[in-house]
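Each chain, written out:
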Amino acid sequence: MASTLMDVYRRLFDAFGPQHWWPGSSPFEVIVGAVLVQNTSWQNVRRAIENLRQADLLQPHALYETPIEELEELIRPAGYFRIKARRLHAVLTFLVERYDGSLDAMFATSRDVLREQLLGVHGVGPETADSILLYAGNLASFVVDAYSYRVFSRHGWIAFETDYHAIQDYFQGGLPEDVALYNEYHALLVRLGKDYCRKQTPKCGQCPLAGLLP
């Protein structure tokens, strides 16, 4: 398993190079982006974050104190803005009321404990929680998404019915516990999924992993 995982990683890195993920100028901006990116493109999220930046709200207490109606309008470009405003406020409530708005204090919590806490926040699922841990907190929690599921199930390395936690265990059990590796690996799988292992009309013949197809 480990040799397959590392072979995939090397092939993707050789093909695409470093991806420089996650986009965001601060850990707090990464947290906001991880909530807003659900069911939309990063381009839309960037516009919403720029609205928050222009309003000087990219800090925990300021954004927490922003009325929901105002927050909805600011993040409207990210889509589903009413739902996302409440999800973002729930994350901010957690950060401010449990950790007094301190990311240092929050990320000083052990990875597994913090992950369970995040999963208890309204609107935070495993992918969002792991994105916050890995990309904002530099904690080794592998992010699983539709791209990683698609690539690995199509190649027969995981079963099609495998759930999120089992896929994460597959990666974390077969790779060194390394934040930089988890970061780059996830980003490379996203690149592969967008450019080659597409949901419709995959480009298998040109894919960097073509030699590993069953």
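In case you missed it, the structure is sitting above this.
Fair warning: this is a prediction, and the values are worked out from it, not measured in the lab.

1. Topic: helix 9 (residues 126-136)
Across the 11 residues of helix 9, nine count as buried, placing the element largely inside the fold. On its buried face, helix 9 sits against helix 2 (27-36), helix 7 (103-107), helix 8 (111-119), helix 11 (164-174) and helix 12 (179-195). In the segment just after helix 9, Asn138 is the residue with positive phi, at about 55 degrees.

2. Focus on the packing of aromatic side chains
Evaluation of the coordinates by the stated rule reveals 16 aromatic pairs. Taking the centre distance of 4.2 Å and the plane angle of 5 degrees together, the rings of Phe142 and Phe171 count as stacked. Highlighted residues: Phe142 in the loop between helix 9 and helix 10 (146-154) and Phe171 in helix 11, separated in sequence by 29 residues. For the pair Phe142 and Phe171, one class covers both residues: buried. Plain terms: the ring middles of Phe152 and Tyr170 are 5.9 Å apart, the flat faces sit at 75 degrees to each other, and that makes the pair edge-to-face. On the criterion of sequence distance, the pair formed by Phe152 in helix 10 and Tyr170 in helix 11 is long-range, its members being 18 residues apart. Assigned by exposure class, Phe152 and Tyr170 land together as buried. Members of the aromatic cluster, each reached through a chain of ring pairs, are Tyr9, Phe13, Phe142, Phe152, Trp157, Tyr170, Phe171, Tyr182 and Tyr185. Of note, Arg76 hangs over the ring of Phe81, and the distance from its end group to the ring centre comes to 4.1 Å. Above the ring of Tyr196, the side-chain terminus of Lys203 is found at 5.4 Å from the ring centroid.

3. Some points on the nonpolar core
Residues Leu36, Leu63, Phe107, Leu114, Phe152, Phe171 and Tyr185 are the most contacted members of the largest nonpolar core, which totals 69 residues. If one sorts the elements of this core by residue count, helix 6 (residues 81-99) sits on top with nine residues. Ignoring anything within four residues of it in the chain, the contact list for Phe152 reads Leu5, Val8, Trp157, Ile158, Tyr170, Phe171, Tyr185 and Leu189.

Definitions and limits used
- Residues numbered from 1 in each chain as written.
- Predicted model: local features only at pLDDT ≥ 70, side-chain atom pairs only at ≥ 80, totals over all residues.
- Heavy atoms only, no water.
- Buried < 20%, exposed > 50% of the residue type's maximum accessible area, 1.4 Å probe, protein only.
- Helix = DSSP H or I, 4+ residues; strand = E, 2+ residues; numbered from the N terminus.
- Contact = heavy atoms within 4.5 Å.
- Phe/Tyr/Trp six-rings, centres within 6.5 Å; stacked < 30°, edge-to-face > 60°.
- Lys NZ or Arg CZ within 6 Å of the ring centre and 35° of its normal.
- Core = buried A, V, L, I, M, F, W, Y, C linked by side-chain atoms within 4.5 Å.

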